[in-house]
Amino acid sequence: MIMTPLLRRSAYAVSPNAMDAALQRFLQSTAAAPSNETVKQDGDTFTIALDVPGLTREQLTISLQDKTVRIASVEGAPRSVQRAWKLPASIDQTQSKAALENGVLTLTLTTQQ
């Protein structure tokens, strides 16, 4: 007596969403350095510009802790963004600003002396 399975699964039948997520992880891991960001210093002020097309203010989180700036996209956002920078001095949160215009996030960070 020969038994055969009623359901047949293919090893290659992967959902398109899983394939897209895998490709995005691969591309992020192989990128040497993000080319879509600029960091400039003018005295005590640092300006960081980062391209984040397709994301809104509600889909981004910015955290300032001592000398470190972290930017991340929230879960469920159309793209995944995670960046961090460490500045040479502590950041003055009251004097710092963030603006998102035309898919470019611009942070103007003032450091404390």
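In short, a report on the structure. These figures come from a predicted structure and were not determined experimentally. (Residues numbered from 1 in each chain as written. Predicted model: local features only at pLDDT ≥ 70, side-chain atom pairs only at ≥ 80, totals over all residues. Heavy atoms only, no water.)

**A look at the sheet that holds strand β2 (residues 45-51)**
Where strands meet in a sheet, backbone hydrogen bonds hold them as pairs that are either parallel or antiparallel.
Here is step 1 of the chain: Pairing within the open sheet is antiparallel, and its 4 strands lie in the order β1-β2-β7-β6. Two strands in the sheet have a free side with no partner beyond their single neighbour: β1 (37-42) and β6 (91-101). Shown here is a sheet whose adjacent strand axes are inclined to one another by a mean of 15°, direction ignored.
Here is step 2 of the chain: Looking at chain direction, β2 and strand β7 (residues 104-111) are connected through 7 bridges and run antiparallel. Looking at the pairing, T45 lines up with T110 of β7. (Pairing = 2+ DSSP bridges. Helix = DSSP H or I, 4+ residues; strand = E, 2+ residues; numbered from the N terminus. Axes fitted to C-alpha atoms, helices over the stretch in contact; angles between N-to-C directions.)

**Regarding unusual backbone geometry**
Here is step 1 of the chain: Phi angles above zero are rare outside glycine, and D66 is one such case at about 55°.
Here is step 2 of the chain: Mapped onto the secondary structure, D66 falls in the loop between β3 (60-65) and β4 (68-73).
Here is step 3 of the chain: At N102, a position not held by glycine, the phi torsion is positive, near 50°.
Here is step 4 of the chain: With respect to the helices and strands, N102 occurs in the loop between β6 and β7.
Here is step 5 of the chain: On the basis of relative accessibility, which here comes to 80%, the residue N102 falls in the exposed class. (Buried < 20%, exposed > 50% of the residue type's maximum accessible area, 1.4 Å probe, protein only.)

**Description of the sheet that holds β4**
Here is step 1 of the chain: Read from one edge of the open sheet, 3 strands run β3-β4-β5, paired in antiparallel fashion. With partners counted over all chains shown, the strands left at the sheet margins are β3 and β5 (82-86), one partner each. Direction aside, neighbouring strands of the sheet carry axes that sit 10° apart on average.
Here is step 2 of the chain: Of the pairings in the sheet, the one linking β3 to β4 comprises 6 bridges and is antiparallel in character. Among the inter-strand pairings, L60 is bridged to a residue of β4, identified as S73.

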